[in-house]
Structure formats: C-alpha cells, structure tokens
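# Fold and contact review
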Number of protein chains: 2
Amino acid sequence: MTFSAFEAEIAKVNDILCAVNLLTWDSRTMMPPCGVEARAKQIATLTGLARDLATGEAMLRAIEDARRSDEPDPDGLRAKAVAEAARQIGILARIPAKLVAEATELKTNAQAAWVEARAENDFAGFAPWLERTLDLQRETAAAIGYTEHPYDALVSSYEPDMTWARLRPLYDALKAALLPLNEAARSLPPIRMDFLERAFPVDKQRAFAVTMARRMGYDFDRGRLDDTVHPFEISFTRADVRITGRFRETWLPVGLFSVWHEAGHGIYEQGVDPRFTRSIFAMDLINLYAVGGASFGLHESQSRLLENRVGRSRRFWELHFGELRAVFPDQLGDVSAHEFWRAVNAPRPSLVRVEADELTYDAHIILRSEIEAGLIAGEIRVADLPAIWAEKMKGYLGLDVPSDTLGVLQDVHWSSGMMGSFPTYTIGNIMGAQLYRAACADAAVAGGLDRGDYAPLTAWLGTHVHRHGRSLTPADILRAATGKPLAVDDYVAALRAKVTDLAA
Amino acid sequence: MTFSAFEAEIAKVNDILCAVNLLTWDSRTMMPPCGVEARAKQIATLTGLARDLATGEAMLRAIEDARRSDEPDPDGLRAKAVAEAARQIGILARIPAKLVAEATELKTNAQAAWVEARAENDFAGFAPWLERTLDLQRETAAAIGYTEHPYDALVSSYEPDMTWARLRPLYDALKAALLPLNEAARSLPPIRMDFLERAFPVDKQRAFAVTMARRMGYDFDRGRLDDTVHPFEISFTRADVRITGRFRETWLPVGLFSVWHEAGHGIYEQGVDPRFTRSIFAMDLINLYAVGGASFGLHESQSRLLENRVGRSRRFWELHFGELRAVFPDQLGDVSAHEFWRAVNAPRPSLVRVEADELTYDAHIILRSEIEAGLIAGEIRVADLPAIWAEKMKGYLGLDVPSDTLGVLQDVHWSSGMMGSFPTYTIGNIMGAQLYRAACADAAVAGGLDRGDYAPLTAWLGTHVHRHGRSLTPADILRAATGKPLAVDDYVAALRAKVTDLAA
C-alpha cells in the first residue's frame, strides 16, 4: 500500500490542468483569431479528462490504498494530501457531469446574450439568461451542499470555509468605516491628474513596469509578461508563472499598476514550496484549475498588497519617482513625486467597478454580494435588479445609475456562472492589508521598504504565505502570519491613513 | 451502432495531441528557461493519456460498434476512418508501453551524451548510447513488424508503405544523376556572394519574409510566425497552424528561405479539408502526433517546393528582387536580380547536412539512410561508423571529414531515436519537384508563377494534395496528382536545368 501510486495519479491530473492553463494563456495572448472554436473543444476535452481521472476508479483505489500506506510520512503531509484530495474529489463528484455540461453550454450562450444586452442597454434581453444561470447555480449549490445559506456553497468553492454569515459582519464593518471616509475624501484639496494622460510610449512603460516587478521579486527566469485585453496571471507549476498586462499610451497608471498587481499573483505562485509541484497542494480540484495559491481571496491579497500597499504608497514614489521621470523627462518634467503619488491615489467614485479607486472599490463588491446572496436565496427577483442596483449605488456611493450598461450589466461574472466569486476581491483587500501590517512589524521588512529593497517583504510573504501553497487553509495561514483572524481593522486603518495623508 | 461515438472518441485523442503540440510549440518559442522539467512531464502525461485512450477498451468498443454502424456514409469516408484508426491503433498497441517509456528515458540521456560528445569530438563517448538506441529501435521494428528488412518498419512509420527495397533504386538513380551534376557545378563561372553577409536588420528581413509568405498563401489569421532556434511548423487543427523562423543579421538567405520553407508546411496544414478537423485524418496515431499532412515525405515536399522550386527560381527573383532591394537599398544597391538569384543557388558542397545546397543535400541523406539500414540489420558495427562516414563522404561529395563533430556526430536524430526519418527529406525533394512539374502543366498555375501570383499554385496544391489530409496514402495522392508513381526524373531535370542556367 503506497502513497506513491496516489501521488502519481494526482500528478497526472495536475499535468492536465497545467496544460489547460497553457491552452488558456495562449488563447488570450498568442492565438490567431480563427483558433477560438477548436481551442474551446481542446479545453473542454482536457478539463473533462481531468474530471474523469479525478473521480474515476483508479483514483478512488489509489486513495484507498494510500490511506493504508505504510510509507514514511514524517510531517504528515502525505496523509494530509490524501485527505484533501478525497475531500475535493467528494465535492467534485457531487456536481453531476450533466450539470457541468449544461453550465458550460449555457455560459457560451449567456455570455453572447450579455455582450449584446450590455451594448444595447437591454436588461430585459439578458434577464432570461440570468434566470437560467441562477437555476443552475442553485442546483450546483444544492449538489455541493451547505448548512445555512445556499450562497455559502458557491462562495466556499472560491474561498474555503467562507460563509455569508461570516461575510456580513465584515461587510457591515467596512460600510460603517468607508462611508464617512468617502465623505471626508470629497473635501480633499484638489488633486492634479492632467499629466497622467500625456503620451507615454508603451515600450517604455513596459520596461519600467518590468524593472520594478523584478525588484519586487517576480522572477522572469520562471515567468514572462505579455500583452492581453484583460490582464491575468496563470501558472503551469511554480517554474513557469506568467503574467499579462495592458498598457494605454495616454493613461499611465493602468499599465504600471496592472503589471505590479499581476506580479503580486505571480510571486505567490513562484513561491510555493517545490515539494508541492504536481501535488494536490498545487491545484484546485473543485474548480479543476492548476493553482498554488490557497484561495481566490488570499491570492488577491498578494496582488492588492503589491499594487496598493506597496505600489501606491507615498514612500514608493518618494523612492522611485525620479526613476520614472528619467524614463519620461518630457512628460513628467513638471511633476513632483508628491503630486504623482497623490494622482495615483485620487479618490474617484465611479459607477464602474473596474475603474474604482481603493476607497470605493469594496462598495461595488458589497453591493454585488448582497444581490447574489438575495438572488440565490430567492429573496430578490431578477426583474427587480435594476432598481435594487440603483438604490444601493445611491446609498453606498451617492451615484445615480444612468443606464443598465453602466449598472447591472457591467460585469461578465454572472453570465459566466461565477456567482460567489465577487466576495474574494474584498476578502483579498482585507487580507492584503492585514498581512502587510504584520510584515511591516518585522524590522527587516520595514527597513527594506524604506530604502526600496523589496526582498525582505517578498521573503516574509514567502515564509508566511507563499510556500504553504494549498497545504493550509487561508484562514490558518492568515492567523499564523498575523496572529489574528480575518478582520477589517488594518485595512480600514490603511485607507484612513491614506485619506489623512492626501489631505495634508 | 453509430459512427458518432467512434468519432467522438477519436476527437478526444485529437484534442489531446493538439494540446501536446501547443505544449511543444510553447516550449520552443515562449517558455521561460526554468520551465523545461515540468513541461517534459506534462507532455509525457498527455502523450501517455492519448495512447491509453487510443488503445483502451472504450476505443476498441467504439470501433467495433462503428463497424456495424447503419448511419449514413455516402462517400465511404466514415467507414474508411474506422478502418484507418483500427490499423494505426493495431500498430500502436503492438509497441509495448514499456518500450516507449524506455525509449523516452533513453532519449533524454542519449541526447545529453550526444551534446557532450559532439562538443568534444568524442565518438567513443556516444557509441554506447547509440548501441542502446539501436537495440530499442530494433525492438520497435520487431514490434511493428516487417516482411523484408527491419528498416522498413521504421521508415514506414514516417512514410507509409515505404521500404528499403523501394528506396534503393531511387537512391541509385539520384546518385547516378547527381554525381556528374556536382562535377559540372564545380566549373561554373564564379558566383558573387559577398552581399549576402552584409548587415540586414532582422525586423526588416522578417517583414519581407512575411509579406511574401502571405502572398504565397499562408493565412496569418490562422497562423503566426515566431522566432526559435531550429525553425519548425506545428498545427493545432487547420484553424491554427504556426510557423517559426530564425533570422541572422549577417546572413540574409537563412531567414527568408526558412520562413518560406515553413510556410510551405503551414499552407499544407491550413489546406486540409475542414471535415477532417479532429478526425483520424488529421493525426498520426503511430507517432501520437496531431498533423494533417499525409506523411513526413509529402509534408517536406510542400516546404521544399515553396522554398526551392518557387523561392529559388529565377523568375521569382526577377519579379521580387526589386521589392527586396527597396527594403535594403544600401545593402543591395550594387546587386542585380540575376546576381541575387545566382547567389542563393550557389552550389556549396559542405560537410554539414543543414548547410548543404540543393545539389548536394540528398547525398547527405543517402549516406545516412545506408548507414541506418546497415546498423539496424546488424551489417554495420557502431565502432566502424566514423570510417564508413568518411569513406562515403569522400565518395559522394569528394570531401575529407576532419572530425566526428563535423561527421557522424552532427545530427540530433540518432540520439532522439528517430531512425528511419532521414529518407523522408529526400522523398520530399523528389515529390516536391514531381508535384511542381505537374502543377506547372496547368496554364493558370504557370501563368500565375510568371506574374508573381501564387494563388493558382496554392489552389492547385490545395485541390490535389492539401485537402485530402491523411485520408489517402501519399503514394495515391502523388499518383493522382502527377499521373505517375514516385520517380526522380522531374527532380533531376529541375536540378539539371538549374546548373545549366547558372552556367549561362
């Protein structure tokens, strides 16, 4: 009876999911336009095979055999791997293949309908697709199982152990803190932003972003940066972790910060313990996705930490604005480091989530989470969505919603059947600030940040977060790293300090 | 009883092999340096899965069911697909998985040993690895089966129905024709080549190569060109067929002609009948490789045809040299179209196959084929290889071999276990000339070539070669397209005409 046979079976599934990731990466960066149709079939076949292998007889037998293994397991990780695989496969197997196939087919059609509805501001045209998506999401939630709220089943497939009951107090605390903060932000002294829209040649933007990403700890010998429409990070083992960016010549911040955001994700994947390569601790069998990060939320914490806590910090631009100005002497000759820092932190309440600043971003997430939970529970009707959206947008951000295109139709998530993933963005923001605060309590980290040496921070995160891969729950990682459970305090403190600084 | 279930099983295998092709393409164009080890495992896992599926119970059952199908099959292609799949799977299943695994492992080590031996001119260091490779190749040949010569089993896995007995008269005819032709070439008037070594910026080379490749018929909406060390073409269905090139700033021909060579391969793949997408007629189950071309030799015929018959023709440079000179006015200002054409056709007997010109290339192949056949049959001993190599090189090309590095150690093929593939290069040369001659008998094709319109040629090749995919044997395709079986006449005539032209 051996662990090895189990580990070999799992490694096969991991290899397939890494191949799926490459098929995905390629389709978003390199693939010629006509390749779409065949690529979708290749991804469907490989994902199906991974599912078949994971839930098949050979795997079940390998798990049973491994449970009776007498091979050495000094730190208990091998037995833990078996238990974790069994847990995930149990959930995966409870979602009927027929339901997965229906959802996949629906997604293709629902996305097409969404694209059209958004273009034509026609919520009624999308509503039937959303109804059908909700039906399948409810079926999925029922198949996965839950004790309190059906939303829990969906949320926890992205963020293990997270429930609506746990989210609500976090959201309430955030709302209570952010509403007055946004009030205060309205009376900040004017922030100059004109220079961000000057012409910044993209190749120079990219070179600067890359230089900084490398200093932040992203290893280009185990990665690369390519252009794409919607930036993302994706990995095929820790030895090959790729990031993508999108640069706009006349809007400097978007390219720089998206690269550092994705580099945060990438550094996480590159930092997973090499022992976990091709193991259950480097993949998500429930979502059939090769990934080393412990959860969507913890992953997002690493990108937000690098993008916002580090990249938007005052010290960062005190240290590096001179380098940026050396790259763009004409465009930034009349700008000070202080002005630049203020510009990339300017609060700008927006109707659109992806354009939101740090002070308002979470309001967008809270709004969506509340609606998702209500929809799944049957407490909110699809037909009422535009009205509910408008009401919440007015309440949280004081904005009037002029159209569904700029309101309820703005995100791709619902048409993709990704209900329950929105909360992980805010969880990431909270975790990111909490981890940053704990890291800064380390003198080496704080000293490094103060002189522009990011190696101590990366090392701290590597030790306390990255190396664990998926061998610990995000909650356990967070508690061990920060000494406390998930709480909004550090995040709120960081945002409050920022507003205070901006007012100074 | 249905064909559809069989076709779905085959489509899955095709999808996996297309994914393997992407893993391979990426590893040679995009992958960061540290990705090698994990990538090898991913490719091994997916190839193994394709093999398991192809030879597994479900496939066998699907084939049996399809044989009793009562679904419509007006042109008999569905029944033919079943028969062809059964044939290939029969061969695949006869090669024991253990032998495949051994060969894969040996390849890694033998290649490493070869790299070292080549660098140090140490044939004795490589000899044991070659012995072991030969053992496995003989085992493979025995597993595949043959009636006359063990080499037949290996050659026919690259070129269906090709045997040593069929190759020898072709080789004899070529030797008889090429030896005097090479003699004659020695007394050609001097050919000016100095200008090929000037500095040609690579991006401009690439742009010109791409412009011409597009005009030749390569569709960039279903393809792309990237840089690599050893250029190749690879496809993931006819909708996504990629080529690669390698440009040298101070040696103009290599970049241009390698792109057109690969474009010839690419146009073949892009021209396969769309009905064959994801079918047995768009993959090679014996080599577990997704490919639409009917054989290695027929594939090579398309690249050689475009590179040599078209791209090195006098008319081609009469038509296009002005465009090239417009791109490089400084570098080519003192060169005429005629001089340029002569330069890219200059006969240059070389010790190294990959640097050989058209007049001497086949001597390299014949030499290797004779040695391979002798080795496999046990008539040649590994220890005698350097001496035999030197003797043949002297006899065929009149060259003295100064070292094994420039002799028997120059190619990667033997360390990769690819014995039996060399003949397909010469088969490709012969087929290419034979098809070109037949195409030119079509007035539209000839007229097009005369005015630089390559669409009629591409259309002719599409109709007579490309669209068939692997639904016909290369021999049947060639006979139907040219009215005769494989014969060296047209190839020899083309080379003879070239020498005559160069002398004029």
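Everything numeric in this text was worked out from a predicted model, so none of it was measured.

Of the regular secondary structure elements, chain A holds 21 helices and three strands. Here the C-alpha atoms of chain A give a radius of gyration of 23 Å, agreeing with the 23 Å that 2.2 N^0.38 yields for 504 residues. If one aligns the C-alpha atoms of chain A with their principal axes, the spans along those axes are about 70 × 55 × 50 Å. Burial status across chain A gives 58% buried among its 504 residues. In chain A, once contacts between residues fewer than 6 apart in sequence are set aside, the share between residues at least 24 apart is 74%. Per element, the accessible surface of chain A, about 19400 Å² overall, is 54% carbon and sulfur. With 56 positive and 68 negative side-chain charges, chain A shows a spacing of 2 Å between the two charge centroids.

Here the focus is the environment of F276 of chain A. All names here are of chain A. Looking at the secondary structure, you find F276 in the loop between helix 10 (252-270) and helix 11 (296-310). On the basis of relative accessible area, F276 is assigned to the buried category, the value being 6%. In the structure, F276 is positioned 189 residues away from V465 in sequence and 14 Å away in space, judged by C-alpha atoms. Apart from the residues lying within four places of it in its own chain, the contact partners of F276 are L77, F281, A282, R467, H468, G469 and S471.

To continue, consider the relation of the copies chain B and chain A. The transformation that overlays chain B on chain A combines an axial shift of 0.0 Å with a rotation of 180°, and the residual RMSD is 0.0 Å. Both copies are brought into coincidence by an operation consistent with a two-fold rotation axis. When C-alpha distances to the rotation axis are compared across chain B, the minimum falls at A19 of chain B, with a value of 3.5 Å. Take the interface residues of chain B: 100% of them recur as interface residues in chain A, which is what a same-surface contact looks like.

A few words on the nonpolar core. Within the largest apolar cluster, 124 residues are counted, with the highest numbers of intra-cluster contacts made by W260, W317, L324 and F340 of chain B. Considering each element in turn, this core owes the most residues, 10 residues, to helix 15 (residues 358-377) of chain B. Among all residues touching L324 of chain B, those that are not within four sequence positions of it are F208, L252, L256, W317, L332 and F340 of chain B. Among the nonpolar cores identified, the runner-up in size contains 122 residues, and L99, F126, I144 and V352 of chain A belong to it.

Chain B puts 35 residues into the contact, and the matching count from chain A is 35 residues. Approximately 2700 Å² of surface area, both sides summed, lies buried where chain B meets chain A, with 67% of it carried by carbon and sulfur atoms. Across the pair R242 of chain B and D26 of chain A runs a salt bridge, and its minimum N-O distance is 2.7 Å. Applying the counting rule to chain B against chain A returns eight residue pairs in polar contact (both at pLDDT 80 or more). Going through the elements one at a time, helix 1 (3-29) and helix 2 (36-55) of chain B are the ones with two or more residues in the side of chain B that touches chain A. The greatest single-element share of the side of chain B that touches chain A, amounting to 10 residues, is contributed by helix 1 of chain B.

Turning our eyes to something else, we now look at the side chain of T237 of chain A. Looking at the secondary structure, you find T237 of chain A in the loop between strand 2 (233-235) and strand 3 (241-245). Filtering out sequence-adjacent residues up to four positions away, T237 of chain A remains in contact with C18 and T277 of chain A together with A38 and Q42 of chain B.

All names here are of chain B. Packing of helix 5 (residues 97-119) against helix 6 (residues 123-144) leaves a shortest axis separation of 9 Å and a crossing angle of 155°. With respect to helix 6, the axis of helix 5 lies roughly antiparallel. Considering only the axes of helix 5 and helix 6, their crossing is left-handed. Across the interface between the two elements, L99, E102, A103, L106, N109, A110, A113, W114 and A117 from helix 5 touch F126, W129, R132, T133, L136, E139 and T140 from helix 6. In the contact of helix 5 with helix 6, the residues fall into 10 nonpolar, three polar and three charged.

Our focus in this paragraph is the sheet that holds strand 1 (residues 225-227) of chain B. All names here are of chain B. Spatially, three strands are ordered 1-3-2 in an open sheet, and the strand pairing comes out mixed. Two strands close off the open sheet at either side, each with one partner strand: strand 1 and strand 2 (233-235). The average undirected angle you get between the axes of adjacent strands in this sheet is 30°. Examined bridge by bridge, strand 2 and strand 3 (residues 241-245) share three bridges and lie antiparallel to one another. Opposite E233, over in strand 3, you have I243 as the bridge partner.

Our focus in this paragraph is the confidence of the model for chain A. Mean pLDDT over chain A works out to 96, with 100% of the residues at or above the 70 mark. For this predicted complex, the interface score ipTM comes out at 0.94, while the overall pTM is 0.95.

To continue, consider the state of the cysteines. Among covalent bonds in proteins, the disulfide is the one between the sulfur atoms of two cysteines. Applying the stated rule across the entire model yields zero disulfides over all chains. Cysteine C18 of chain A shares no disulfide, and the gap to the nearest cysteine sulfur, in C34 of chain B, comes to 15 Å. The exposure class of C18 of chain A is buried, given its relative accessible area of 2%.

Here the focus is the environment of A83 of chain B. Residues and elements named next belong to chain B. Locating A83 in the fold gives a position in helix 4 (residues 77-94). Assessed through its relative accessible area of 43%, A83 is described here as partly exposed. Residues A83 and L457 lie 374 residues apart in sequence; the distance between their C-alpha atoms is 33 Å.

The subject of this paragraph is the pattern of salt bridges. Considering all chains together, one arrives at 90 salt bridges over all chains under this definition. Among the salt bridges present, the one from R39 of chain B reaches D240 of chain A, with a minimum N-O distance of 3.6 Å. Here D240 of chain A lies in the loop between strand 2 and strand 3 and R39 of chain B lies in helix 2, a pairing that spans two chains. Overall, the relative accessible area of 3% leaves R39 of chain B in the buried class. According to the relative accessible area criterion, D240 of chain A is buried, its value standing at 2%. Note that K498 of chain B is salt-bridged to E358 of chain B, the shortest N-O span being 2.7 Å. Placement of K498 of chain B in helix 21 (residues 489-503) and of E358 of chain B in helix 15 is noted, with a sequence separation of 140 residues between them. A network of salt bridges, in which partner residues are shared, links R192, D194, R198, D334 and E339 of chain A.

Residues and elements named next belong to chain A. The terminal C-alpha atoms of helix 5 (residues 97-119), which comprises 23 residues, lie 33 Å apart, in line with the 33 Å expected from a rise of 1.5 Å per residue. The complete set of buried residues in helix 5 reads L99, L106, A110, A113, W114 and A117. Backbone geometry just downstream of helix 5 places N121 in the positive-phi region, at approximately 50°.

Looking now at the pairing of strand 3 of chain A. Taking burial as the measure, the five residues of strand 3 of chain A include five buried ones, the bulk of the element. Neither face of strand 3 of chain A is left uncovered, since the one carrying V241, I243 and G245 of chain A and the one carrying R242 and T244 of chain A both have all their residues buried.

We now examine helix 9 (residues 202-216) of chain B. Residue and element names in this part refer to chain B. Helix length check: helix 9, at 15 residues, gives a terminal C-alpha distance of 21 Å against a target of 21 Å (1.5 Å per residue), a fit within 8%. All of the buried residues in helix 9 are Q205, F208, A209, V210, M212, A213 and M216. Here the buried face of helix 9 lies against strand 1, helix 10 (252-270), helix 11 (296-310), helix 12 (314-327) and helix 19 (455-464). Backbone geometry just downstream of helix 9 places G217 in the positive-phi region, at approximately 120°.

About the criteria used
Numbering of residues starts from 1 in each chain and follows the order in which that chain's sequence is written. Lettering for chains starts from A, numbering for ligands starts from 1, and both go in the order in which the items are written. Totals for whole chains, interfaces and linings use all residues, but because this is a predicted model, local features are given only for residues with pLDDT of at least 70 and pairs of side-chain atoms are given and counted only at 80 or more. Side-chain numbers here rest on the full set of heavy atoms in the structure, without hydrogens or water. Each helix is a run of DSSP H or I of at least 4 residues and each strand a run of E of at least 2, with the numbering of both proceeding from the N terminus. Within these notes, the globule rule equals 2.2 Å times the number of residues to the 0.38 power, and the radius of gyration is based on C-alpha atoms. Accessibility here uses a 1.4 Å probe with only protein chains present; expressed as a share of the type maximum, an area under 20% marks a residue as buried, one over 50% as exposed, and anything in between as partly exposed. Should any heavy atoms of two residues lie within 4.5 Å, those residues are counted as being in contact. Note on areas: Shrake-Rupley, 1.4 Å probe, and residue coverage restricted to the protein chains presented here. Neither His nor the chain ends is counted toward charge; the positive residues are Lys and Arg and the negative residues Asp and Glu. Charged groups are reduced to one reference atom each: NZ for lysine, CZ for arginine, CG for aspartic acid, CD for glutamic acid. Least-squares superposition aligns the copies on the C-alpha atoms of those residues with pLDDT at or above 70 in both. Definition of nonpolar core: a set of buried residues of the types Ala, Val, Leu, Ile, Met, Phe, Trp, Tyr and Cys, connected through side-chain atoms within 4.5 Å. Simply put, the buried area is the total loss of 1.4 Å probe accessible area from both parts when two parts are fitted together. We count a salt bridge whenever a side-chain nitrogen from Lys or Arg sits within 4 Å of a carboxyl oxygen from Asp or Glu. Here a polar contact is taken to be a pair of N or O atoms separated by no more than 3.5 Å, where protein atoms must pair a possible hydrogen donor with a possible acceptor and residues adjacent in sequence count only if both atoms sit in side chains. Helix axes use the C-alpha atoms of the stretch in contact, all axes being lines fitted to C-alpha atoms, and the angles between their N-to-C directions lie in the range 0 to 180 degrees. Here is the rule for angles: anything less than 35 degrees is roughly parallel, anything more than 145 is roughly antiparallel, 65 through 115 is roughly perpendicular, and the remaining ranges are oblique. Left-handed describes a crossing in which the near helix is turned anticlockwise from the far one by less than a right angle; the clockwise case is right-handed. Side-chain classes are defined by residue name, with Ala, Val, Leu, Ile, Met, Phe, Trp, Tyr, Cys and Pro counting as nonpolar, Asp, Glu, Lys and Arg as charged, and the others, Gly among them, as polar. DSSP bridges decide pairing: two strands pair if at least two such bridges lie between them. Summary of the metric used: pLDDT quantifies the predictor's per-residue confidence within the range 0 to 100. Here, the term disulfide refers to a pair of cysteine sulfur atoms separated by no more than 2.5 Å. In a helix, the anticipated span is given by 1.5 Å times the number of residues less one.

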